[in-house]
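Letter by letter, the chains look like this.
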Amino acid sequence: MNFLLSAAFVLCWSSGFIGAKLGAGSASAVTVLMWRFLPLALVLVAFAALRKSWRGLAARDVGRQALIGVLSQSGYLLTVYYAIQLGVSSGTTALIDGVQPLVAGALAGPLLHQYVSRRQWLGLCLGVGGVVIVTGADAAASSGVEWWAYLIPFLGMLSLVAATFLEGRSRTQVAPSVAMTTHCLTSAVVFTALAVGTGNAVPPAEPAFWGTIAWLVVLSTFGGYGLYWIILRRSGVTHVNTLMFLMAPVTAVWGAWMFGEHFGIQTAFGLALGLAAVVVVQRRSVPAHA
């Protein structure tokens with residue numbers, strides 16, 4: 001079951017980068033994000049009114065989930081979509097986000113008191129090595145993209161890391177349906193305000209735009225984002241963030257196939273390192289105690 005959840009999570013999360021690339025061809029980033037979340041939030045709120053999972057939650061718990069939604073969805077997705085809109089390839093954006101596991105792994109001990117073994121650190125370092133190699137190759141093959149555009153996904157990565165630790169330090173267990181509804185409603189408010197404020201609220205008439213929206217809602221939101229929190233609660237920060245190493249090579253392969261993005265020997269070598277990182281970290285070992 002854990003393997004199937006992990007595989008589905010990797011594919012669905014990677015689909016978000018591909019969907020962002022598809023959306024960039026027909027509308028601005030805030031337009032795509034507004035229409036990705038606004039109808040979805042309305043449906044989720046309607047279903048939430050019929051469920052009992054909201055009972056007993058304090059306003060503080062809902063407020064915390066709203067803040068987590070701002071960090072993990074609004075902040076993270078806006079940087080990803082904006083970077084791709086500026087011309088950064090979907091593979092490169094995913095690769096830059098791939099440094100998240102190292103940051104989360106380094107902070108898991110002092111912030112969450114979760115032990116990170118030597119084997120896990122080895123896997124994390126292998127993964128980062130793969131990310132650096134593939135990112136360098138992808139960036140070298142790009143042209144016409146400002147250097148500072150590659151810094152934007154780093155901001156999204158830090159936003160998602162902050163959301164992960166904010167959730168990890170929460171004392172109240174919130175049902176996944178409640179978290180999903182709160183996060184999507186928060187994102188709908190944020191992106192609608194941005195789209196209206198910038199004059200980008202009207203969606204294009206092309207059917208391809210709505211196909212992209214359906215792709216993002218089903219695969220990326222329900223699939224990728226939903227599985228992220230499920231695996232996080234089942235297996236912990238180190239496990240879920242190690243899987244993030246796979247997003248970069250999977251997205252690079254996917255982007256090369258769909259959009260003709262660069263994929264060479266260095267990319268393949270980075271893919272191999274990412275796979276090795278996952279194997280090393282996921283192997284069961286008895287943790288040493290200080």
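Just so it is clear, the structure is predicted and the values come from calculations on it, not from any experiment.

> Explain the overall build of the protein to me, and be specific about the residues and the numbers.
Along its length, the protein carries eleven helices and zero strands. Along the protein, helices and strands appear, N-terminal first, in the series α-α-α-α-α-α-α-α-α-α-α. Residues counted as buried form 51% of the 290 residues belonging to the protein.

> If you had to explain the packing of aromatic side chains to someone new, which residues and values would you point to?
Applying the stated rule across the entire model yields eight aromatic pairs. Between the aromatic rings of W35 and W210, the centroid separation amounts to 5.8 Å while the plane-to-plane angle is 75 degrees, which identifies the pairing as edge-to-face. Of this pair, W35 sits in helix α2 (residues 29-48) while W210 sits in helix α9 (residues 207-235), placing them 175 residues apart in sequence. Judged by centre distance (5.0 Å) and plane angle (85 degrees), the ring pair of F209 and W210 falls under edge-to-face.

> Let's hear about a nonpolar patch on the surface: which residues, and what values?
A contiguous nonpolar surface patch, about 540 Å² in accessible area, is contributed by Y82, W147, W148, L151 and F154. Within the secondary structure, L151 sits in the loop between α6 (118-141) and α7 (152-168).

> Summarise empty space enclosed by the protein; cite the residues concerned and give the values.
For the coordinates displayed, the defined rule picks out four cavities of 30 Å³ or more. For the largest cavity, the calculated volume is near 160 Å³. Going through the elements one at a time, α1 (2-24), α3 (59-85) and α9 are the ones with two or more residues in the lining of the largest cavity. Here the lining of the largest cavity takes six residues from α3, the largest share from any one element. By volume, the second largest cavity amounts to about 50 Å³. Where the lining of the second largest cavity is concerned, the elements lending two or more residues are α6, α10 (237-259) and α11 (265-282).

> Any chance you could break down the packing of helix α4 (residues 90-97) against α6 for me, citing the residues and the numbers?
Packing of α4 against α6 brings their axes to within 9 Å, and their N-to-C directions diverge by 150 degrees. Put simply, α4 runs roughly antiparallel to α6. Crossing handedness for the pair α4 and α6: left-handed. Only V131, V134, T135, D138 and A139 of α6 make contact with α4, whose side of the interface consists of G91, T92, L95 and I96. Here the residues of the contact of α4 with α6 sort into five nonpolar, three polar and one charged.

> Tell me about the nonpolar core, and please be specific about residues and values.
Ranked by internal contacts, the top residues of the largest apolar core, which has 48 residues, are F9, W13, Y81 and Y228. Contributing elements (two or more residues each) for this core: α1, α2, α3, α7, α8 (176-197), α9 and α10. Apart from the residues lying within four places of it in its own chain, the contact partners of F9 are G224, L227, Y228, I231, V240, L243, M244 and M247. Formed by nine residues, the second largest nonpolar core is a distinct cluster that contains L124, V128, V161 and F245.

> Tell me what's going on with the packing of α3 against α4, and back it up with residues and numbers.
The interhelical angle for the contact between α3 and α4, taken along N-to-C directions, is 140 degrees, at an axis separation of 9 Å. The chirality of how α3 crosses α4 is right-handed. Between α3 and α4, the residues in contact are Y76, V80, A83 and I84 and S90, T93 and D97, respectively. Split into classes, the residues belonging to the contact of α3 with α4 amount to four nonpolar, two polar and one charged.

Cut-off values and rules
Residues numbered from 1 in each chain as written. Predicted model: local features only at pLDDT ≥ 70, side-chain atom pairs only at ≥ 80, totals over all residues. Heavy atoms only, no water. Helix = DSSP H or I, 4+ residues; strand = E, 2+ residues; numbered from the N terminus. Buried < 20%, exposed > 50% of the residue type's maximum accessible area, 1.4 Å probe, protein only. Phe/Tyr/Trp six-rings, centres within 6.5 Å; stacked < 30°, edge-to-face > 60°. Patch = residues over 30% accessible without salt bridge, like charges linked within 9 Å, V, L, I, M, F, W, Y side chains within 5 Å. Areas by Shrake-Rupley, 256 points an atom, 1.4 Å probe, with all protein chains shown as cover. Salt bridge = Lys/Arg side-chain N within 4 Å of Asp/Glu carboxyl O. 1 Å grid on protein atoms, 1.4 Å probe; cavity = no way out; pocket = protein on both sides within 12 Å on 5 of 7 lines; lining within 4 Å. Points joined across faces, edges and corners; volume = space filled by probe spheres on them. Axes fitted to C-alpha atoms, helices over the stretch in contact; angles between N-to-C directions. Parallel < 35°, antiparallel > 145°, perpendicular 65-115°, else oblique. Left-handed = near helix turned anticlockwise from the far one by under 90°. Contact = heavy atoms within 4.5 Å. Nonpolar A, V, L, I, M, F, W, Y, C, P; charged D, E, K, R; others polar. Core = buried A, V, L, I, M, F, W, Y, C linked by side-chain atoms within 4.5 Å.

Shape is all these values report; function is a separate question.
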